[in-house]
Amino acid sequence: MKRIGVFICHCGLNIAGTIDVNKVRDVIKDYPNVVHAETYVYMCSEPGQKLMRDRIKEFNLDGVVVANCSPTLHEKTFRNAAAAAGLNPYRVEIANIREQVSWPHEHEPETATKKAIRIIQATIERLKSNASLLPLKVPLTRKALVIGGGIAGMQAALDIADGGYEVYLVEKSPTIGGRMAQLSETFPTLDCPQCIMTPKMTAVSQHPNIHLYTYSEVEEVNGFVGNFDVTIKKKASYVDYDKCLGCGECAKICPKKVPNEFDRNLSIRKAIYRPFDQAVPSVYTIDMENCLKCKVCMRKCEPKAINFDQTDEYIDVKVGAIIVATGFDLMPMEHFKEYGGGEYPDVIDAIQFERLLAASGPTGGEVLRPSDKKVPKDVVFIQCAGSRDPNLGVAYCSRICCMYVAKQALLYKHAVPDGQAYVFYIDIRSNGKGYEEFVQRVMEEDRVLYLRGKVSKVIEENGVVKVYGSDTLTGRSIEVDADLVVLAPAMLPSAGIRELASKLRITTDEYGWLKEAHLKLRPLETMTPGIYIAGVAQFPKDITDTVSQASGAAGKVLALFSKEQIEHEPIVATVDHTICAGCGFCEAACAYGAIKVNPKTKKAEVNETLCEGCAACSAACPSGAAQVQNFRKDQILDMVEILARDY
Amino acid sequence: MELAYYPGCTVKSTAKNFEISAIASAKVLDIEFIELPRWTCCGTVFSLASDDVMHQVAPIRNLLRVQEMKKDRVVTLCSMCYNTLKRSNLLVKKNKEVLDKINNYMYEEPEKYQAGVEVVHFLEVLDQDVGFEKIKQFVKKPLKGLKVVPYYGCTLLRPRDVGIDDAESPTIMEKLLKALGAEVINDPMKTECCGAYHTVERKHIIKERTYKIISSAVARGGEALVLSCPLCDYNLDKFQMDVAREHPGFHPIPVFYFTQLMALAFGLDESALGLEYNYTDPKPLLLEKNLLGAGSE
């Protein structure tokens, strides 16, 4: 390349506040093969991009270096801009002088300026040997996989299915509906989930484009965007779902009683069970861990649906996109020893209280405390149980507790008008449409007593759960002789999320929440193309936000499916067959199964559509035959030479 | 086993019963306490001000004494001494700058403190070095029928990185007392505050704390409280008489150091118990349970 242009971004003061950009320009403009160098306040803005397009034409540039932020942010932006001006996009390289220079060297501007010059020079050296590349075209399968059958997964599946594409919806429990199905009513509108969600559950089960796999898990995922190969494990339910009529005669006769997890162990189910009456599909499942294998159910079953010989079934499907919507768990009660969690029957968690409030719950909506089934007259709600508590490993706010506690206190007051509800809180976070008004209404109209402070201890004594707390607004210690204590435990990612994430090759954060590609601008996508996130699997959010994100993720999938073909990054490995000795080191190093030694020719060959361009093969190759396009070893060495020079 | 031993001020004065019984029962387990030469105040309360290095000198100087003894561990009895020494030690282990500053300040000392000493509480030694199963073998006079409530207070358990057990629901003393044959009663008040240094100026707080903690223990069937901190002992034992005057129906119960019950269960002579230093006389209870005097075995 003989005609290189360099564009140095100020990034407002992010770069220019530390680095002397004018000095950088003056040094770089005299660098060999550079014909033009220029600075601009925001290169990524439209005027900045236009500037670059104009200069490419004006100076007939054959290569461009943009010195700005990390390539993960704007490499694509500038490659597209270059393409618009007729330059091959792979003749644009980014010199990262923000994350690698101005930010870490904030207090040493001179060093920063020198380092920025060095990085730009090294990038120019690498650019000089860049090849012009064309994106690889790959066909795609226009079917989607949605993991998780809660409100997020259902909404995403319905939107994609309505768009005309097939969806495989995989849910690990025997019914769809998820957490929302367990709720009594929803804030702030007080809709009951049975009214607003069960129609969606039915729609999912009846939609011609949705293949519903309940009591199933994702076993294996291979491939890449547009072409994922997925193995679904349909766990043995020992009931033929096609034959089961859902009459329930089997459960009536089953002798084995098991705590019902749908009612959060506040009721009993049988070893053969349907989680709740409105479950979809409305069929029974045998929980083999608890089954006595007496087989009386088998004799009772008229349609002969029960089959004790059933085994796990594996189904292979091909999909083009995946949405992960695996939801959340609550921090186990055993973590709250100071509150007697897991020890006192009348200290319960918020979902248990939802079940006590729900008309479909174990008490038919009557609020009765677990220990003696009495109506509790004093109920204490403890917010931030575990949330915002780094001692318990959760530094974040779980976001929805302030609102659902207000709702629960209101529903309690409506159920027990002469009862008193107390809410201990740190802050009230009610930042949604109609949310603050709702909390005010609960405080003022329903006379719920809000106490700003933490509870230090809960002690059970003579049928009373004594709550010791403080009210920091009056500066007084508070003692409440409560009948029932409801904790709002921290929300945690679903169990098994890390395992699933590693199968999907997507990342999680330190807590296990799924990591989005960019928190602000790409919150629905993961760093792995073709895999999207919906709902609480990313981070705690309410139903409104969950449904919005689910529809958003579905929109992303539909946009992907509207393409003729998928473009694959051409930065892939190549093998120089004149050098390759067929040793197979590259094959062992490749995590994607993209490079293999051809047994006939004894030469390594690259499957370009599988290759992610990670260069593991190139590092492993003893002869230098395997190289990644535009990251060739000689290019890297050219960079090192500049960077290693003395200051 | 020989262990460097840091006593601290209270076990030499108001809490002599703690030290006497600890040394005697340790001997039964073949543990010899070797008292630090020239020990000073532990520092009493760990200073939380990050630039207040001066208040770390006392604890670190004591740890330097341990280093001079060529010992890598020092055992304490008093929970407060344990807490202060352990936290100061942790601070200099993590922060070399503070360590250097303290060493420079102590320039007259022939050695520099290398932060290589570990601070342990006697309960930890019993748990980890001896083991409660083994302790059972030394019990000659099981504390049968004695209903005891363990009480931890704060300094043995908090903050988390120096706590010897779970801060909210500790069980180490329960395990020991069960090994001694006592009937152990769990009381959720066992980690409540005893009132600590309010005992100097605001005695009403101590009385209120004592009333609550002892009443809770009694309500759950407790006949005696067991603890390991001389300050807790002072507050929760000495103040019971005052509480009884203010609350008709409140009857004081004995408060023991865990080591006293060890010495008792090991069948040691009454002189090893130091019962005369207890504020509430425990003899009537022990006689009633047939654990003291002639014909007790």
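Residues numbered from 1 in each chain as written. Chains lettered and ligands numbered in written order. Predicted model: local features only at pLDDT ≥ 70, side-chain atom pairs only at ≥ 80, totals over all residues. Heavy atoms only, no water.

### Overview of the nonpolar core
In plain terms, the rule: Residues belong to one nonpolar core when they are buried, are Ala, Val, Leu, Ile, Met, Phe, Trp, Tyr or Cys, and are joined through side-chain atoms within 4.5 Å. Type-normalised accessible area, obtained with a 1.4 Å probe on protein chains alone, sets the label of each residue: buried when under 20%, exposed when over 50%, and partly exposed for intermediate values. A run of H or I in DSSP counts as a helix once it spans at least four residues, and a run of E counts as a strand once it spans at least two, with each numbered from the N terminus. Whether two residues touch is decided by their heavy atoms; if any such pair falls within 4.5 Å, the residues are in contact.
Within the largest apolar cluster, 99 residues are counted, with the highest numbers of intra-cluster contacts made by Phe-33, Phe-122, Leu-126, Leu-180, Phe-258 and Leu-261 of chain B. In terms of residue count, the dominant contributor to this core is helix α12 (residues 258-265) of chain B (6 residues). With residues near it in sequence (within four places) discarded, Phe-258 of chain B still touches Phe-18, His-121, Phe-122, Leu-123, Leu-126, Met-173, Leu-176, Val-226, Leu-227 and Ser-228 of chain B. Within the second largest apolar cluster, 63 residues are counted, among which are Phe-187, Tyr-422, Phe-424 and Ala-490 of chain A.

### Considerations on the environment of Asn-80 of chain A
Topologically, Asn-80 of chain A is positioned in helix α3 (residues 71-84). Of the residues examined, Asn-80 of chain A reaches a relative accessible area of 52% and is grouped as exposed.

### Digging into the sheet that holds strand β1 (residues 4-9) of chain A
Residue and element names in this part refer to chain A. We apply this condition: When DSSP locates at least two bridges between a pair of strands, those strands are taken to pair. For every element, the axis is a line fit to its C-alpha atoms; helices are fit only across the contacting stretch, and the angle between N-to-C directions ranges from 0 to 180 degrees.
Spatial strand order, β2-β1-β3-β4: 4 strands in an open sheet with parallel pairing. Whereas interior strands pair on both sides, the edge strands pair on one side only; in this sheet they are β2 (34-40) and β4 (92-96). If you compare each strand with its neighbour and ignore which way they point, the axes differ by 20° on average. As defined by bridge partners, β1 adjoins strand β3 (residues 63-68) across 5 bridges and the pair is classed as parallel. Bridged to Ile-4 within β3 is Gly-63. Each of β1, β2, β3 and β4 touches helix α2 (residues 46-58); the most contacted strand, β2, lies at about 165° to it. Here α3 sits on the sheet in contact with β3 and β4, set at roughly 150° to β4.

### Re a nonpolar patch on the surface
Note the threshold: Patch membership requires more than 30% relative accessible area and the absence of a salt bridge. Residues of like charge join within 9 Å; the nonpolar side chains Val, Leu, Ile, Met, Phe, Trp and Tyr join within 5 Å. The Shrake-Rupley method, run with a 1.4 Å probe sphere, supplies the accessible areas, and residue values consider only the shown protein chains as cover. A pair is scored as a salt bridge if a Lys or Arg side-chain nitrogen falls within 4 Å of a carboxyl oxygen belonging to Asp or Glu.
Together, Phe-631, Ile-636, Leu-637 and Val-640 of chain A make up a nonpolar patch on the protein surface, roughly 340 Å² of accessible area in all. The topology assignment puts Leu-637 of chain A in helix α18 (residues 633-643).

### Details of the pattern of salt bridges
Residue and element names in this part refer to chain B. Applying the stated criterion across every chain yields a total of 60 salt bridges over all chains. A salt bridge links Arg-65 to Glu-68, with the shortest nitrogen-to-oxygen separation between them at 3.0 Å. Linking Arg-65 with Glu-68, this pair stays in helix α2 (residues 57-68), spanning 3 residues, or about one helical turn. On the basis of relative accessibility, which here comes to 3%, the residue Arg-65 falls in the buried class.

### Re the side chain of Gln-67 of chain B
Residue and element names in this part refer to chain B. Here Gln-67 shows up in helix α2. Relative accessible area serves as the criterion here: at 14%, Gln-67 is assigned to the buried category. With residues up to four places along the chain from it excluded, the contact list for Gln-67 reads Glu-111, Lys-112, Tyr-113, Gln-114, Ala-115 and Val-117.

### Some details on the state of the cysteines
All names here are of chain A. The condition is simple: When the sulfur atoms of two cysteines come within 2.5 Å, that pair is taken as a disulfide.
Taken as a whole and assessed by the stated rule, the structure comprises 1 disulfide over all chains. Note on cysteine connectivity: Cys-192 is disulfide-linked to Cys-195, with sulfurs 2.2 Å apart. Because the sign of the S-S torsion sets the handedness, a value of about 90° for the bond joining Cys-192 and Cys-195 places this disulfide among the right-handed ones. Considering cysteine sulfurs only, Cys-247 is the nearest to Cys-301, which forms no disulfide, with 6.4 Å between them. The exposure class of Cys-301 is buried, given its relative accessible area of 11%. Of all cysteine sulfurs, the one in Cys-614 lies closest to Cys-590, which takes part in no disulfide; the gap is 6.2 Å.

### Focus: the domain arrangement of chain A
Much of the literature gives interface size as the accessible area that the parts lose upon coming together. All names here are of chain A. Definition in use: Delimitation of the domains relies on an automatic or database domain assignment. Here's the idea: put two parts together, see how much 1.4 Å probe accessible area each one loses, and the total over both is what we call buried area. Between N or O atoms, a polar contact is any pair within 3.5 Å; within protein, one atom must be a potential hydrogen donor and the other a potential acceptor, and residues adjacent in sequence are included only when both atoms are from side chains. Asp, Glu, Lys and Arg are counted as charged, while Ala, Val, Leu, Ile, Met, Phe, Trp, Tyr, Cys and Pro are counted as nonpolar; the rest, among them Gly, fall into the polar class.
Taken as a whole, chain A is organised into domain 1 (4-133), domain 2 (143-229 + 315-327 + 494-561), domain 3 (236-311), domain 4 (330-492) and domain 5 (569-629). Listed as interface residues are 14 residues of domain 2 and, on the opposing side, 15 residues of domain 3. For the domain 2 and domain 3 pair, buried surface summed over both sides reaches about 1,100 Å², with 63% attributable to carbon and sulfur atoms. Linking domain 2 to domain 3 there are 0 salt bridges. Linking domain 2 with domain 3 are 3 residue pairs in polar contact (both at pLDDT 80 or more). Examining the composition of the side of domain 2 that touches domain 3, we find that 4 residues originate from one element, helix α8 (residues 198-206), more than from any other. The residue inventory of the side of domain 2 that touches domain 3, partitioned by class, reads 6 nonpolar, 7 polar and 1 charged.

### Some details on the packing of aromatic side chains
How we decide: Centres within 6.5 Å are what make two rings of Phe, Tyr or Trp a pair, Trp counting through its six-membered ring; a difference in plane orientation under 30 degrees is then read as stacked, over 60 as edge-to-face, and the rest as tilted. Placement of a positive charge over a ring is assigned whenever Lys NZ or Arg CZ falls within 6 Å of the ring centre and within 35 degrees of the normal to the ring plane.
Per the stated rule, a full pass over the model turns up 22 aromatic pairs over all chains. Residues Tyr-5 of chain B and Phe-33 of chain B carry aromatic rings whose centres are separated by 4.8 Å and whose planes lie at 25° to one another, so their mutual orientation is stacked. One end of the pair, Tyr-5 of chain B, is in strand β1 (residues 2-6); the other, Phe-33 of chain B, is in strand β2 (residues 32-35), and 28 residues separate them in sequence. Exposure remark for Tyr-5 of chain B: the relative accessible area of 1% places this residue in the buried category. With a relative accessible area of 12%, Phe-33 of chain B lands in the buried category. By the ring-pair criterion, three or more aromatic residues cluster together here, those being Tyr-5, Phe-18, Phe-33, Phe-122, Tyr-257 and Phe-258 of chain B. The cationic tip of Arg-126 of chain A hangs over the ring face of Phe-631 of chain A; the distance from NZ or CZ to the ring centre is 4.1 Å. Lying over the aromatic face of Tyr-215 of chain A, Lys-235 of chain A brings its terminal NZ or CZ to 4.7 Å of the ring centre.

### Points about unusual backbone geometry
All names here are of chain A. Looking along the chain, the bond that leaves Phe-187 and enters Pro-188 is cis, with omega of -10°. Examined against the element boundaries, Pro-188 turns out to sit in the loop between β7 (166-170) and α7 (193-196). Residues Val-280 and Pro-281 are joined by a peptide bond in cis, for which omega reads 0°. With respect to the element layout, Pro-281 can be found in the loop between β13 (272-273) and β14 (285-286). One non-glycine residue, Lys-304, lies in positive phi territory at about 55°. Inspection of the secondary structure assignment puts Lys-304 in the loop between α10 (296-300) and β15 (313-319). Look at Asn-462: it is not a glycine, yet its phi comes out positive at around 50°. Mapped onto the secondary structure, Asn-462 falls in the loop between β22 (455-461) and β23 (464-471).

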